[in-house]
Amino acid sequence: MPSAEDTSVHQPQEQPVVRPTHQDRIAEAGSELIGGRSGRWARLGGTTLTPVAVVALVALGMFALGMVQKLPCYNWAWFRGAGSQYTHACYSDIPHLYVGRGFSEGLVPYFDRLPGDMQYLEYPVLTGVFMQVASWLTPDGSIQYREQMYWMVNAGMLMICAVIIAVCVARTHRRRPWDALLVALAPAFALTATINWDLLAIALTAAGMLMWSRGRALAFGVLIGLATAAKLYPVFLLGPVFVLCWRAGKWREFGTATFGAAVSWLVVNLPVMVFAPEGWKKFYTFSEERGIDFGSFWLIITQRTGESIEVSTVNTVSTLVTVLLCAGVGALTLMTPRRPRFAQLAFLVVAAFILVNKVYSPQYVLWLIPLAALARPRWRDFLIWQACEVMYFLGIWMYLAYTTSGDKHQGLPTEGYQLAIALHLLGTLYLCAVVVRDILVPERDVVRLDGSDDPSGGVLDGAPDAFVLGRAVRPSRYAHPGAEAPRVEWGATRGPAED
């Protein structure tokens, strides 16, 4: 019989994995498909399939289903006019840009000038490297065969990125690996994964967040810098890190992360900046000069009013609104009695950037899915949002089918597409509202029901406040992450599956 001393030594080391099927009614109902929720005889984390391994396998399976959904285009629709790829909802930029950006002719991105209106590749440098590597791996043959193989090679590389994303999300919250099933099973993830090259930046961002959760500020900064070299949005994560470190007094960690991000971004970009400056800046000039495009509320305004809006006006207004929204998130961070979690703020700032942007492409939902799984791991809210995004995914292709069908008018008319835009904007706003509610009323935050503070916060997890504003200055039962009594009370006063 073990002594009391042995029990005191071993008991704190027990960190049971949180089982969503015991906390979430939707997860419990969904588990009936595989025999019901896990019980006391289930081998979680055994030697065969750990939760992380299950998540990785599910991500592979869903990615493969997404590839199957693209088969009509792969077989013929990409190559027989514009309409068929829209009516089958299987469009992808990848095969078209293989020819359109000179990869089929062996042109070097950023260095070689392209024929036509787009003089240089309009993607950030690391994405251009990714595209170039895929072109090197594409076998010779007819142009149609090479386009097919280029998409297939890219899909294989993006599949690796998808698994990295799922695994990193599963490991970010140590006790909640099953939350990554939200990523692996997200229908919008499977549908949009091979439309463009966004998964590269998302994988680097997810890996960076994992490093931050482990307290490795430099590795986080390096990965965020690399992610920003592939897509612009990851740099916004430095904003939440800044304001959270400000509140916790962790200036050294913020400085280390910022230094790592700046250096890694420069290492990737500097050679192209020096030797091909015109090609390098094309991404930035294209982003500035690009007009109002699909998926944005700006498009609804112009279509409903019939009036065009100057690009410079849109750029100025969207930038100002983004700054104001991010400043609001910063004020919320400093003024709430309990410091928000890093994943919550990361989701909010990226969502703010997307919502006010002049374009909201269907694959942009990929940026938010891993952040949403960490910020609000509740199946009901996640699926409501995903349903809106799937409806938009179908809506944009049916609208493009309508615009390319000529006098036949087959597809979704303009008014229907405007409704689809409004639906996916409202879905994103709904999830933002739920996350803000969790910040203001932290006992509604499912991640904190077990007494956790900020599992993705790294050095911020459980750290005392050094600077607060407003009502956060006043004592509150939410103000002290080290006080166990209020957090135990949150989990006890509310049924685990009632939220």
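Check the entry above for the structure.
Thresholds, definitions, all that
- Residues numbered from 1 in each chain as written.
- Predicted model: local features only at pLDDT ≥ 70, side-chain atom pairs only at ≥ 80, totals over all residues.
- Heavy atoms only, no water.
- Helix = DSSP H or I, 4+ residues; strand = E, 2+ residues; numbered from the N terminus.
- Buried < 20%, exposed > 50% of the residue type's maximum accessible area, 1.4 Å probe, protein only.
- Contact = heavy atoms within 4.5 Å.
- Areas by Shrake-Rupley, 256 points an atom, 1.4 Å probe, with all protein chains shown as cover.
- Expected span 1.5 Å × (residues − 1).
- Disulfide = S-S within 2.5 Å.
- Patch = residues over 30% accessible without salt bridge, like charges linked within 9 Å, V, L, I, M, F, W, Y side chains within 5 Å.
- Salt bridge = Lys/Arg side-chain N within 4 Å of Asp/Glu carboxyl O.
- Phe/Tyr/Trp six-rings, centres within 6.5 Å; stacked < 30°, edge-to-face > 60°.

**Side note on the overall build of the chain**
Link 1 in the chain: Helices and strands together make up the secondary structure of the chain, namely 23 helices and zero strands.
Link 2 in the chain: For the chain, buried positions account for 53% of its 499 residues.
Link 3 in the chain: Considering only intrachain contacts with a sequence separation of at least 6, the fraction spanning at least 24 residues in the chain is 73%.
Link 4 in the chain: Counting every atom, the chain has about 21700 Å² of accessible surface; 64% of that belongs to carbon and sulfur.

**Quick notes on helix α12 (residues 217-228)**
Link 1 in the chain: Along its twelve residues, α12 runs 16 Å from first to last C-alpha, staying within 8% of the 16 Å computed at 1.5 Å per residue.
Link 2 in the chain: Within α12 the residues assigned to the buried category are A217, F220, G221, L223, I224, G225, A227 and T228.
Link 3 in the chain: Buried residues along α12 sit against α11 (198-213), α13 (238-248), α14 (251-275) and α19 (342-355).

**Considering the state of the cysteines**
Covalent bonding between the sulfur atoms of two cysteines is what defines a disulfide.
Link 1 in the chain: For the structure shown, the criterion picks out one disulfide.
Link 2 in the chain: In this model, C73 is linked to C90 through a disulfide, with the two sulfur atoms separated by 1.9 Å. Note on the C73 and C90 pair: the S-S dihedral is about 75°, so by sign convention the disulfide is right-handed. Of this pair, C73 sits in helix α4 (residues 71-75) while C90 sits in the loop between α5 (83-87) and α6 (93-100), and the two are 17 residues apart along the sequence.
Link 3 in the chain: The class of C73 is buried, set by a relative accessible area of 0%.
Link 4 in the chain: The class for C90 is buried, based on a relative accessible area of 0%.

**Details of the environment of A219**
Link 1 in the chain: For A219, the position within the fold is in helix α12.
Link 2 in the chain: When the C-alpha positions of A219 and G208 are compared, they lie 6.8 Å apart, and in sequence the two are eleven residues distant.

**Quick look at a nonpolar patch on the surface**
Link 1 in the chain: A cluster of nonpolar side chains, contributed by V108, F111, L266, L270, V274 and F275, occupies part of the molecular surface with about 580 Å² of accessible area.
Link 2 in the chain: Turning to its location among the elements, V108 is positioned in the loop between α6 and α7 (125-136).
Link 3 in the chain: Here V108 falls in the partly exposed class, since its relative accessible area comes to 39%.

**Looking at the packing of aromatic side chains**
Link 1 in the chain: One pass over the full model with this rule turns up 33 aromatic pairs.
Link 2 in the chain: Taken together, a centroid distance of 6.4 Å and an interplanar angle of 75° make the contact between Y74 and W78 edge-to-face.
Link 3 in the chain: With relative accessibility at 13%, the residue Y74 sits in the buried group.
Link 4 in the chain: Classification of W78 as buried rests on a relative accessible area of 5%.
Link 5 in the chain: For the ring pair Y399 and Y417, a centre distance of 4.4 Å and an interplane angle of 5° mean the geometry is stacked. With a gap of 18 residues between them, Y399 in helix α21 (residues 379-403) and Y417 in helix α22 (residues 414-440) connect regions that are remote in the sequence.

Scope: geometric values only; no functional claims are made or implied.
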